[in-house]
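Summary of structural features
One-letter residues, chain by chain:
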Amino acid sequence: MTLKAKWLVGRDAPRLLPYVFLFVVISEIGIFKVQSLQGPFVIVNYEEPPKSTNSSSDVYAPRATGPLVLDSKPSASIESGLHQLSLRDGTLQDDKFRDGTPRGVKIRSRKSRRTAIEDRINCTVVNGDIGEAETLTVNRNEEYIIEYVYNTSDVKEKALRVSAISENSNYMYPVLVVVRQQQGILSWQLPLEPPPNMETMEEYTVVSRTLCPVKNYRVNYHTSLENTQRLFVDVSSSSPHNLNFTIEVDLIDNFHVTLHNERYFEITPSEPAFYEFHFPDDVDMVLVKASSEDDFCSVISIQNISCPVFDTEENVKYGNVYQTMTYQAGITLRREQYPEGLYIVSILLSNDEPCSSSFQHVYRKRSKIISLTVEEKITRLEYLAAIFAGLGFCAFFYIVTVILACISFIKEKHKDTPDSRLLDDTILNFPEEERGSPTCNYGAVASTSVGVAGEAKTAPAPSLTRTTSDSSLDEDDIDMLDDVESDKDIIRTKTYPYVSDLARKNTRVLSKKSYLYIWGLITVAIFYAVPVVQLVVTNQQVLDASGNQDLCFYNFWCAHPLGPLSDFNHVFSNISYILFGGLFIVVCIRRDRQHRKKTRMNYKIDKYFGIPQHFGLFYAMGGALTMEGLLSGCYHICPNYSNFQFDTAFMYVIAVLCMLKIYQTRHPDINASASSAYATLAVAILLGVIGVLNGTLYFWILFGFFHVLACLFMSAHIYYMGRWSLDVGLFTRMIAWCKSEVSDCHSILKPMYCDRMILLLIGNAANWGLAIFGMITTPKDFASYLLNIFLTNLLLYMTFYLIMKLLLTLDDDLMYTPRDKIPVF
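Numbers given to residues run from 1 along each chain, matching the order in which its sequence is written. pLDDT decides what is reported in this predicted model: residues at 70 or higher carry local features, side-chain atom pairs at 80 or more are listed and counted, and totals for whole chains, interfaces and linings draw on all residues regardless. Here the side-chain values reflect all heavy atoms present in the structure, with hydrogen atoms and water set aside.

1. Side note on a negative patch on the surface
Here, patches come from residues exposed beyond 30% relative accessible area and free of salt bridges, joined within 9 Å for like charges and within 5 Å for nonpolar side chains (Val, Leu, Ile, Met, Phe, Trp, Tyr). Exposure was quantified through the Shrake-Rupley algorithm and a 1.4 Å probe, taking into account, for residues, occlusion by the shown protein chains and nothing else. A side-chain nitrogen of Lys or Arg and a carboxyl oxygen of Asp or Glu constitute a salt bridge if their distance falls within 4 Å. In this count, Lys and Arg are taken as positive residues and Asp and Glu as negative ones, while His and the chain termini are left out. In plain terms, the charge of a residue is placed at NZ if it is Lys, CZ if Arg, CG if Asp and CD if Glu. Residues Asp 281, Asp 282, Glu 376 and Glu 382 make up a contiguous surface patch of negative charge. Helix numbers and strand numbers start at the N terminus; a helix is a DSSP run of H or I with at least 4 residues, a strand a run of E with at least 2. Structurally, Asp 282 is set in the loop between β16 (273-277) and β17 (285-291).

Here you go:
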């Protein structure tokens, strides 16, 4: 009996019998696997022959689950349990069956699977030196491990950079490079594989990567490293042909960046770079500035000092803060965010789409030279100085306003009022028996023309009785009367009208209608500002959480954060809008009270003298200025292209309200109502949103035609003083007018209202030019384009008003000038 049999019948046999029985049962049901043997082996799924097999000579071929490896020996055998597999001359045989009877059944693997690997993989270890290049050849049978040994004290303030080059590699059979440190691994292939879902215009057969220093791995924060470190670079390939490669490991001497020390370096999509920075003891905030003369799209990323470093196009966004860059980039950093220091990572993207979808560089080698500088930001004392300087500037105007108000109050208190001299009934242009009566005749509606030299000529006109009021809050209740309509046609179509002709409605009613502007503004402001504040605060939180600074378009080189705001200085700069808007409202309140006081003393001031005083539009202008400051500050919390309308919406409102107020001063009866004004602004903002979301050429063409038609409509309304309507009879009236004017050629060349015609011609020329410019160039920033339209019209009308005021107004103090002597223009 053999030694093995003697051992089986020993005293430990009963303990092993269950295991032997289990192994026999597994063999009986046909499960047989050889999974781990030293040296060349074969993995076979051995299955029992089908029960229908009657002949012992039938051949059964099981499925092989692994490669069949030939040993250098002429034959090899594997024995397990009651089965023995032998490999002889490439044939796999079962030499033993369950009952020990020789079987001789041949077992063959399927034809689609290889039964042997005829080539052996040779791995060669090469000792490399830092700073020297190693050029070798690799294929599927040859791979190399290059070992570098260095001392940690030699690279304490430096970093290692590994470069790999393989000019004849390809995407089918790339060269695989794996860099192993004591704590960390880095791998890539040559040529460099493009990022997922992105196309690259060239192959990068040169890859250079900076290794994260081993001392910066988190596990080493409280432990000490070995003084001697080893770096392994494994190079392999599946190519059947020889591929040449070159490996070089260098030391980066200037790995640490210091304040105000400019550094130049070159990057490519396959050669990123990163540097280390630590805050000096006396510096709490710095600005990382990067600039380049090339407009290739790149990314500047800031990451904590920890390994691994995210310095590839696929994972750079996993860092703390990142920002795309073409020519310039800037990121403001605080010590409290990076107490242990930080890495400044720079990578060049494989295409320019992340920076802009409007351009893409082709047939150009993607290489970018970057200038990197770290500068100190302003201190807390400078923050406070800038804040109080801005507040002091606004406070100066408050103080000046208070002083002027006091001086004006003292002068009015000590001087004689001009009521007894200027408010004489003899200067009013109505019959003597009705002077001093609240309800009096309008008198002869004289057509008086005032020349440039100031000479007045009066022509007789039919006598009309002046009504106390021809309107209420609902203008339709009286405008339907035929006599009132004829009255308006006679008065408003005079060649040289005066303020008295266009201030015939009840002053109290017009004043109440004027206050609808401020209440409408408050309603619009609340419903518009609440979602704006919610949106920009959410954007700021998303920016802080994701680190994607491309969400907000700051002027990064000038942005100074404070508290939760990334750009506090631009947000705070809008405080002047709010303070001056409030000051304007306070001044309006004072003027309103003064006017009410004078009106109570003599009602004729508000009825027959001076420019009609309606303060509702003034209050709305002050409120709009305040809201512009608030919404502009909200915009600068997270400025970008989509929410630029927050900054411009109330600029539209200010421009429209200013034009309405200028027009209301001498056209109080025909000024636009609050509802129509805000409806027009709503249409403008809606067009602004459409232009931002879908500013196609078709939109610009439609908007241009709409712009021109709106100008024609407004021109007709202004030229005919509101005595013009857009209805089905418009074309009939135009044909009749043309027929009547053709008979007299001189009347065609000489318009009835020359001053208004000149204003409208200049205004239409400017607006038509803007419409044509928009359709031709299709500017990207539609909100700014729309704002330019409003501001251009405001500037034109204001200029026209000032010129006509200087030419036609004879008295500088219009407070006590009769309205029938104040010309309309």
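2. Overview of the pairing of strand β20 (residues 328-334)
Across the 7 residues that make up β20, a large majority, 6, are buried. Two strands qualify as a pair provided DSSP detects at least 2 bridges between them. Bridge count between β17 and β20: 7 bridges; the pairing is antiparallel. Residue pairing for β20: Met 285 is matched across the bridge by Arg 334. Exposure categories follow from relative accessible area, calculated using a 1.4 Å probe and restricted to protein chains: below 20% of the type maximum is buried, above 50% is exposed, and the middle band is partly exposed.

3. Remarks on the sheet that holds strand β15 (residues 263-267)
Across the sheet, 4 strands lie side by side as β15-β22-β17-β20; this open sheet has antiparallel pairing. Looking at which strands have only one partner, the edges of the open sheet turn out to be β15 and β20. Taken over all neighbouring pairs, the strand axes of this sheet differ in orientation by 25 degrees on average, direction set aside. Bridge count between β15 and strand β22 (residues 368-376): 5 bridges; the pairing is antiparallel. With axes taken as lines fitted to C-alpha atoms, and helix axes fitted only over the stretch in contact, angles between N-to-C directions fall between 0 and 180 degrees.

4. A look at the packing of aromatic side chains
Each aromatic ring pair is characterised by the separation of its centres together with the angle its planes make. Two aromatic rings from Phe, Tyr or Trp, using only the six-membered ring of Trp, form a pair when their centres are within 6.5 Å; if the ring planes differ by under 30 degrees the pair is stacked, by over 60 it is edge-to-face, and anything between is tilted. Applying the stated criterion across every chain, the model contains 29 aromatic pairs. For the ring pair Phe 255 and Tyr 343, a centre distance of 6.3 Å and an interplane angle of 55 degrees mean the geometry is tilted. Taken together, the residues span a long stretch of sequence, with Phe 255 in the loop between β13 (243-252) and β14 (256-257) and Tyr 343 in strand β21 (residues 342-348) at a distance of 88 residues. Like Tyr 343, Phe 255 is buried. On the basis of an interplanar angle of 75 degrees and a centroid distance of 6.3 Å, the ring pair of Phe 699 and Trp 700 is categorised as edge-to-face. With respect to class, Phe 699 is no different from Trp 700; both count as buried. In this structure an aromatic cluster arises from ring pairing among Phe 699, Trp 700, Phe 703, Phe 782 and Tyr 785. Here, over-ring charges are defined by two tests on the NZ atom of lysine or the CZ atom of arginine: distance to the ring centre within 6 Å, and angle to the ring normal within 35 degrees. If you follow Arg 263 out to its NZ or CZ, it ends over the ring of Tyr 275, 5.1 Å from the centre.

5. Remarks on the state of the cysteines
What counts as a disulfide here is a pair of cysteine sulfur atoms lying within 2.5 Å. If you walk through the whole model with that rule in mind, you get 3 disulfides. With its sulfur 1.7 Å from that of its partner, Cys 212 forms a disulfide with Cys 307. Sign of the S-S torsion, about -70 degrees for the bond between Cys 212 and Cys 307, identifies this disulfide as left-handed. One end of the pair, Cys 212, is in the loop between β11 (206-210) and β12 (228-237); the other, Cys 307, is in the loop between β18 (298-304) and β19 (321-325), and 95 residues separate them in sequence. Overall, the relative accessible area of 8% leaves Cys 212 in the buried class. Using a relative accessible area of 11% as the deciding quantity, one classes Cys 307 as buried. What pairs with Cys 552 in a disulfide is Cys 638, and their sulfur atoms sit 1.9 Å apart. Negative torsions about the S-S bond denote left-handed disulfides, and the value of about -85 degrees found for Cys 552 with Cys 638 makes this one left-handed. On the criterion of sequence distance, the pair formed by Cys 552 in the loop between α7 (507-546) and α8 (568-572) and Cys 638 in the loop between α11 (616-637) and α12 (645-666) is long-range, its members being 86 residues apart.

6. Comments concerning unusual backbone geometry
Cis geometry marks the peptide bond from Leu 190 to Pro 191; its omega dihedral reads 0 degrees. Here Pro 191 shows up in the loop between β10 (184-190) and β11. Between Cys 307 and the following residue, Pro 308, the backbone shows a cis peptide bond with an omega angle of 5 degrees. Topologically, Pro 308 is positioned in the loop between β18 and β19. Phi at His 260 is positive, roughly 60 degrees, even though this residue is not glycine. Along the chain, His 260 turns up in the loop between β14 and β15. Look at His 260 and you get exposed, because its relative accessible area is 53%. Residues other than glycine seldom take positive phi values, yet Thr 778 does so here, at roughly 45 degrees. Tracing the backbone shows Thr 778 in the loop between α17 (754-777) and α18 (782-808).

7. So, the nonpolar core
Nine residue types can take part in a nonpolar core, namely buried Ala, Val, Leu, Ile, Met, Phe, Trp, Tyr and Cys, and a core is a set of them joined through side-chain atoms within 4.5 Å. Judged by nonpolar contacts, the single largest core of 70 residues is most densely connected at Tyr 517, Leu 521, Phe 650, Leu 657, Phe 703, Phe 782 and Leu 786. For this core, the secondary structure elements donating two or more residues are α7, α11, α12, α13 (674-693), α14 (697-719), α17 and α18. Setting aside chain neighbours within four positions, we find Phe 650 in contact with Leu 521, Ala 525, Tyr 528, Ala 624, Met 627, Glu 628 and Leu 631. Core analysis: the next-biggest nonpolar cluster, separate from the first, contains 43 residues, Ile 267, Tyr 275, Ala 290 and Leu 348 among them. Throughout, a contact is declared for two residues whenever any of their heavy atoms are within 4.5 Å.

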